[in-house]
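Summary of structural features
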Amino acid sequence: MKSLKMFFLAIACLFAMVATAQNHPQSKTQMNAQKLGTTLYLIENFYVDTTNIDKVTEDAIIAALKELDPHSAYISKKDVEKANEPLVGSFEGIGVTFQLIRDTITVISPTAGGPSEKVGIMAGDQFIKIDGEESTGKKIDNEYVQKHLRGKKGTKVTVSVKRGNDPELLDFEIVRDKIPLNSINAAYMLDKHIGYIKLDRFAQESTQEFKEAFAKLQAQGMESLIFDLRGNTGGYLNTAIDLVDQFLDEDQLVVFTEGIHSPRQEWRSTAEGLYTTGKLVVLIDEGSASASEIFSGAMQDHDRGIVIGRRSFGKGLVQRPFNLPDGAVIRLTTSRYHTPSGRCIQRPYENGVEDYAKEMTKRLEHGEYFHADSIHFPDSLKYTTDGGRTVYGGGGIMPDLFIPVDTAYNSKLYTNLVRKGALNRFTTDYALKHRDEIRAQYGDFEHFNKDFTVGNDLVEGLKKAAEEAKVEWNDEQFAHSEKFILLQMKALIARNVWETQQYYQVMSTVDPGIQKALEVLGNDKEYKRILKGK
């Protein structure tokens, strides 16, 4: 009865709030709250079988929130602390940001450098089985996910994944590890004048991490910056505002929010910006969401930098946490984010949560990942930047320069080497066995990056690893993907001998987004032309 008493206490508080706000003897809110409370009372006292009234209450709340929008959510008391871990702490597990959509674990983004990314888990993947057990349906909640996917470093878990419209499930074996939670994955110089910073999420310490990374690059002669937000699913609003502040002049609009019960609220830049004049490129893709869209939208609307990549995710709903009497929290959508020009970041969700969850698959089917002209915006969604360039609303940030998904090196062999863990397993084992030897021979990463080559001995080792993983080796497919596979091997060895940053440094030479950014930043005339919209 304790839970029911707590519920009635909450109802009483609600009555008091409503009575204060309205003179009407009984509002609709009061009547509906009374109806819900009475229903729970009747279930607990008159239902034919024994019931778990706590679960009934939680299920009712969850069902109600699902009818509102895709991002309003109920978080039980025991899950409140865990829900904030990716932004403030560390843990051991498989390393994914996920969302429960229609009782299915859906990957929002794998943690960069984490176990899931290493074996090839991708954004949009749905976990259908975990260790052979069905992992969909009403039993799936945050507690189930934590229990089955978290675990001690070194332990293994097998997941069967549904990817896109492929009818066959893909099996992955993931070795749990400590999940790195530094929000900046890499910060280094690409050449003598251009710096690169990759931000994984807008976490509690991100602004300080950025300032330290920026100072390091500035000391090395940085004059232009590539700020990589690809795969960055967002984080704290105040962190996004603080980071935008580093790039704008004083008193420029950063973002504003507005909702039917939430008056317009604006945030403006201060005079504390570290980098308000240098050339800037922001990299985004379909995995860039929320705070990433606030940042890239502000840069675009103020013509502060050039946005390169693919259309961002389109998550522009603001959730405000409301504490419930038992310690649980409702994160309720209360307003929408708008860029300085007035664009609403949120993409449509009128067709329901299930349709909303299929957005990435729909983009793939429409060809949006490969052709910019597959995206069409009506004139009613047209907005203007400070300099008079045309930009569009309607969900997500459309980049100034489009970069298609790179399929140049794709092959079934490469996909299977990653999916079945052969590529990662072999390079990890090799690095562990030869770490001291590599460090002794090359001294530091710079010399390794310059002089190390993946020879035939490593290719033969990969073939054996493929055989052990039951991956069929195909020489023709290897020839098609050879350049990329060899570079991946080098990058993965570098990551295991040094750190995650070194992986990005090796792979930057074939990264289409980075290469396009270098091209634009290296041409003053082209950079200015794009910012002027000509």
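Definitions and limits used
Residues numbered from 1 in each chain as written. Predicted model: local features only at pLDDT ≥ 70, side-chain atom pairs only at ≥ 80, totals over all residues. Heavy atoms only, no water. Helix = DSSP H or I, 4+ residues; strand = E, 2+ residues; numbered from the N terminus. Rg over C-alpha atoms; globule rule 2.2 N^0.38 Å. Buried < 20%, exposed > 50% of the residue type's maximum accessible area, 1.4 Å probe, protein only. Contact = heavy atoms within 4.5 Å. Lys, Arg positive; Asp, Glu negative; His and termini not counted. Charge placed at Lys NZ, Arg CZ, Asp CG, Glu CD. Pairing = 2+ DSSP bridges. Axes fitted to C-alpha atoms, helices over the stretch in contact; angles between N-to-C directions. Salt bridge = Lys/Arg side-chain N within 4 Å of Asp/Glu carboxyl O. pLDDT = per-residue confidence, 0-100. Parallel < 35°, antiparallel > 145°, perpendicular 65-115°, else oblique. Left-handed = near helix turned anticlockwise from the far one by under 90°. Polar contact = N/O pair within 3.5 Å; in protein donor to acceptor, adjacent residues only side chain to side chain.

1. Overview of the overall build of the protein chain
- From N to C terminus, the protein chain includes 20 helices and 21 strands.
- In summary, the protein chain has a C-alpha radius of gyration of 25 Å against a globular reference of 24 Å for 534 residues, a match within 12%.
- Projecting the C-alpha coordinates of the protein chain onto the three principal axes gives extents of approximately 80 × 55 × 40 Å.
- Within the span of the protein chain, comprising 534 residues, buried residues form 49% of the whole.
- When contacts within the protein chain are restricted to residue pairs at least 6 apart in sequence, long-range pairs at least 24 apart make up 68% of them.
- Across the protein chain, 66 positive and 75 negative side-chain charges occur, with their mean positions spaced 1 Å apart.

2. Concerning the pairing of strand β10 (residues 184-189)
- Here β10 lies mainly inside the structure; six of its six residues are buried.
- The pairing of β10 with strand β11 (residues 194-199) spans five bridges and is classified as antiparallel. The residue bridging Ala-187 from the neighbouring strand is Ile-197, located in β11.
- Linkage of β10 to β11, two consecutive antiparallel strands, is achieved through a turn of four residues.

3. Thoughts on the sheet that holds strand β16 (residues 306-309)
- Spatial strand order, β10-β11-β12-β15-β16-β21: six strands in an open sheet with mixed pairing. The sheet terminates laterally at β10 and β21 (401-402), the two strands that pair on one side only.
- Bridge count for β16 against β21 is two bridges, and the pairing is parallel. Its bridge partner lying in β21, Gly-309 is registered against Phe-402.
- Against the sheet, helix α19 (residues 512-521) contacts β11, β12 (224-228), β15 (279-284), β16 and β21, and its axis sits at roughly 160° relative to β15.

4. Section: the environment of Ser-288
- Relative to the helices and strands, Ser-288 is located in the loop between β15 and α10 (291-301).
- Separated by 24 residues in the primary sequence, Ser-288 and Ser-312 have C-alpha atoms spaced 5.1 Å apart.
- Non-local contacts of Ser-288, meaning those with residues more than four positions away in its chain, are made with Leu-229, Arg-230, Gly-231, Asn-232, Glu-293, Ser-312 and Phe-313.

5. Things to note about the side chain of Asp-79
- By the element assignment, Asp-79 lies in helix α4 (residues 77-83).
- Look at Asp-79 and you get buried, because its relative accessible area is 8%.
- Once residues lying within four places of it in the same chain are set aside, the contact partners of Asp-79 are Asn-142 and Glu-143.

6. Overview of the pattern of salt bridges
- Counted by the stated rule, this structure contains 27 salt bridges.
- Glu-368 is the partner of Arg-311 in a salt bridge, and the nearest nitrogen-oxygen pair spans 2.8 Å. With Arg-311 in the loop between β16 and β17 (317-323) and Glu-368 in the loop between α12 (359-366) and β19 (382-384), this pair connects stretches of sequence that are 57 residues apart. Glu-368 shares its class with Arg-311; the two are buried.
- The salt bridge partner of Glu-460 is Lys-463, with a shortest N-O separation of 3.5 Å. Of this pair, Glu-460 and Lys-463 both sit in helix α16 (residues 456-468), three residues apart, which is roughly one turn of that helix.
- A relative accessible area of 28% places Lys-463 in the partly exposed class.
- Connected through salt bridges with shared partners, the residues Arg-311, Arg-347, Glu-359, Arg-363 and Glu-368 form a single ionic network.

7. Points about the confidence of the model for the protein chain
- Averaged over every residue, the pLDDT of the protein chain is 87; the share at 70 or more is 92%.
- Across residues 1-5, where pLDDT falls below 50, the model places six contacts with residues more than four positions away in sequence or in other chains.
- Scored below 50 in pLDDT, residues 12-23 shows ten contacts in the model against residues more than four places distant or in partner chains.

8. A closer look at helix α18 (residues 500-507)
- Most of α18 sits out of view: seven of its eight residues are buried.
- Along α18, the positions that sit buried rather than exposed are Gln-501, Gln-502, Tyr-503, Tyr-504, Gln-505, Val-506 and Met-507.
- Against α6 (115-119), β10, β11, α8 (206-219), α15 (445-451) and α17 (475-497) lie the buried residues of α18.

9. Some details on the packing of α17 against α18
- Interhelical geometry of α17 versus α18 gives an angle of 155° and a closest axis separation of 7 Å. With respect to each other, α17 and α18 are oriented roughly antiparallel. Considering how the two elements wind past one another, α17 and α18 form a crossing that is right-handed. Packed against α17, whose contacting residues are Phe-484, Leu-487, Gln-488, Lys-490, Ala-491, Leu-492, Ala-494 and Arg-495, the element α18 presents Thr-500, Gln-502, Tyr-503, Val-506 and Met-507 at the interface.

10. So, the environment of Ser-508
- Of note, Ser-508 is situated in the loop between α18 and α19.
- Within the local environment of Ser-508, its side chain forms a polar contact with the backbone oxygen of Gln-505, the two atoms lying 2.8 Å apart.

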